[in-house]
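Below, each chain spelled out in residue letters.
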Amino acid sequence: MRPLARLLSVTVLLAAGCAAPRGSGVAPSTDYPPEPVTVVLLWIDGLAPAVLDQLAEDDRLPHLQRLFLREGRVFSRTIVTLPSLTYINAGGLFTGCWPARHGIYGNRWFDRRTLELRDYDSVSGFDRINPDLAVATLHEHISDQHTLSVQCHTQRGADQVRNNLITSGLAWLFGDFAAVERNAAAEAESLARQPAADWPGLAVVYFPTADATAHRDGLHSGTYAAALQRIDHQVGRVVSALEDAAGARRLHFALVTDHGQVQIPPDRRADLLAWLRTERTADIATPADGAAWRKRAALAIVGAPRRMVLHLRGAAGWQQAPTHAEVWSWITGRPGQPALWEAPGVGLVAARGAGGVILRGRSGRCRIEREADTGRVRLQAEQGTLARELAGGLTRATWHEDRDWLAATAGGDWPDLIVQMSRYFDSSRAGDVLLLAEAGWGLEPDSPAGHGGAGAAEARVRFLWRGPDVRPGHDARAIRTIDLLPTVLDLLGERPVAPLDGRSFAGYLAGEGQVDAGQRRGQIPDRQAGRQSAGGRHRETD
């Protein structure tokens, strides 16, 4: 995703207790007003864990290394919302919900019920996410407090907004990414010049430039590392200024991201759209074709190198969904045609099926089922070894809890895929067929690096946390990006105003439960993991 820089903030002043009046015969209360809390979210778009780790080991990120990797808590198995796109994850970060609940299915999406086409990757549409979100935002969960949003597209409910549209907008237009980063940090640093009693309770500083650089130049060109080094400097600037000025205020810093990145070599950049039109003779359109899509048999939502969504026209028109049989016929193709899972670069095909979600890859086919009342999920093998490769060691054909699936699969090639795909198709905006790229491949011809799929390098990221009572170390327990909102609410002493899908991990910050012993020595999980999957294919690691 390539929008402008952003910062989100919110103020929390917790209620004070009262001392009994003198001479009342009641001992003075020892319940003093709690110290006010500020949580600063530092959002680095597209932070690739492998590059972060390598630069830190080479002492090229001194501020992140000291403040977070050494003195903070590192959640090394944080799983993003799938597919790994910025606006899907903006929805998850700021609502604590899955896409089927918050309504955002990508930087571009189509809704067959209303025939709406949405594109956030545009000057006019970058903040259109705000009215599109179907549930309460973080600002709205704490609407009784002062809130501040700076240069952030997801800002609904904030009572103060600083977008810097002219200064940062022009800098972005002319490729002056350093200026965008400085502007974002300056807005956060300016809090230090205010009395700490007037500080917001939550500030989110958004840095989009590393992601934009990766899309343009790839991960290994040197410019991506340079972008992270510049951001490292700005993060150090913000943390230093605010910690020096915080006084009695309890100050938390959370460094988060929305997805990782995958390096895509030239010989692995497929043109899936061209393949569909030639090898499958597909009558297919894209949003770029304008209104022509209304007369076509399929609409392809592209714009992400690692995934493609296909919406198929039903027998009675676009507002009628095709049957499961029609969808599967489209996936397998006519006699003599290659199936979609045989297309170059495609690792998995997902679609609605009778009784669940069907996954199909080169190694087989399986079905994901979800219990409506409990939310438990099971995986049924139908053909080949795919179910075994995806199960993460859990017993197949057995119902398992949501978080058990997360824990079992978080370190694998397709982290948290089973649970997330069980819910993905609950909305008409999901499309009829989801195509996910295999390790190291892209589904567009011109991207040296990217994301949007569900592989480990883009779906498993780092959350780093620094603050009072935060125990330093690497935490191997699996969490999700949708867990951020309930965690922030916990720290601010707030309750959610609407149902959430995420779960707070605030208790983990102080070290509740076990931390992997190897990680206490500073090792990053999966860095030394084997490179072969259960099926013998190259494993996409961090």
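Quick caveat: nothing in here was measured; it's all calculated off a predicted structure.

Caption draft 1: Spotlight on the nonpolar core. Core analysis: the largest hydrophobic core is formed by 74 residues, its most contacted members being Val39, Leu359, Leu379, Leu390, Leu417 and Trp465. The residues contacting Val39, other than those within four sequence positions of it, are Gly201, Leu202, Ala203, His252, Trp465, Val488, Leu491 and Leu492. Val51, Val74, Leu148 and Ala184 belong to the second-largest nonpolar core, a separate cluster that totals 43 residues.

Caption draft 2: Region of interest: the pairing of strand E18 (residues 433–437). With five of five residues buried, E18 lies mostly within the body of the structure. For strand E13 (residues 307–312) and E18, the ladder comprises four bridges, and the chain directions are antiparallel. Paired with Leu310 across the bridge in E18 is Val433. Of the pairings in the sheet, the one linking strand E14 (residues 346–353) to E18 comprises five bridges and is antiparallel in character. Considered in E18, the bridge of Val346 is made with Ala437.

Caption draft 3: Structural detail: a nonpolar patch on the surface. A surface patch of nonpolar side chains, about 510 Å² in accessible area, is lined by Ile166, Leu170, Leu173 and Phe174. If you trace the backbone, Leu173 turns up in helix H7 (residues 167–173).

Caption draft 4: Region of interest: the pattern of salt bridges. Counting across every chain of the model gives 35 salt bridges. Residues Arg112 and Asp432 are paired through a salt bridge, measuring 2.6 Å at the closest nitrogen-oxygen approach. Here the residue Arg112 occupies a position in the loop between strand E4 (108–111) and strand E5 (116–119), and Asp432 occupies one in the loop between helix H15 (417–424) and E18, the gap between them amounting to 320 residues. Arg112 sits in the buried class, given a relative accessible area of 5%. It is possible to trace a salt-bridge network through shared partners that takes in Arg365, Arg367, Glu369, Arg378 and Glu382.

Caption draft 5: The pairing of E14, seen in detail. The buried fraction of E14 is high, at seven of eight residues. Connecting E14 to the antiparallel partner strand E15 (residues 356–361) that follows it, the hairpin turn spans two residues, and Gly355 within it adopts a positive phi of roughly 85°.

Caption draft 6: Quick peek at the packing of helix H2 (residues 62–70) against helix H10 (residues 223–245). One way to put it is that H2 packs onto H10 with a least axis distance of 7 Å and a crossing angle of 50°. In terms of orientation, H2 lies oblique with respect to H10. On H10, the residues that touch Pro62, His63, Leu64, Leu67 and Phe68 of H2 are Asp232, His233, Val235, Gly236 and Val239. Grouping the amino acids of the contact of H2 with H10 by side-chain chemistry returns six nonpolar, three polar and one charged.

Caption draft 7: Broad picture of the environment of Ser190. With respect to the helices, strands and loops of the structure, Ser190 is situated in the loop between helix H8 (177–189) and strand E8 (202–207). Judged by its relative accessible area of 11%, Ser190 is buried. Each C-alpha atom, one on Ser190 and one on Ala241, is 8.7 Å from the other, the two residues being 51 residues apart in sequence.

Caption draft 8: Local environment of the side chain of Arg280. In this fold, Arg280 is placed in the loop between helix H11 (272–278) and strand E11 (284–285). Although Arg280 is buried, it makes no salt bridge; Glu342 carries the closest opposite charge, 7.5 Å away. One polar contact links the side chain of Arg280 to the main-chain carbonyl oxygen of Pro338, over a distance of 3.3 Å.

Analysis parameters
Residues numbered from 1 in each chain as written. Predicted model: local features only at pLDDT ≥ 70, side-chain atom pairs only at ≥ 80, totals over all residues. Heavy atoms only, no water. Core = buried A, V, L, I, M, F, W, Y, C linked by side-chain atoms within 4.5 Å. Buried < 20%, exposed > 50% of the residue type's maximum accessible area, 1.4 Å probe, protein only. Contact = heavy atoms within 4.5 Å. Helix = DSSP H or I, 4+ residues; strand = E, 2+ residues; numbered from the N terminus. Pairing = 2+ DSSP bridges. Patch = residues over 30% accessible without salt bridge, like charges linked within 9 Å, V, L, I, M, F, W, Y side chains within 5 Å. Areas by Shrake-Rupley, 256 points an atom, 1.4 Å probe, with all protein chains shown as cover. Salt bridge = Lys/Arg side-chain N within 4 Å of Asp/Glu carboxyl O. Axes fitted to C-alpha atoms, helices over the stretch in contact; angles between N-to-C directions. Parallel < 35°, antiparallel > 145°, perpendicular 65-115°, else oblique. Nonpolar A, V, L, I, M, F, W, Y, C, P; charged D, E, K, R; others polar. Lys, Arg positive; Asp, Glu negative; His and termini not counted. Polar contact = N/O pair within 3.5 Å; in protein donor to acceptor, adjacent residues only side chain to side chain.

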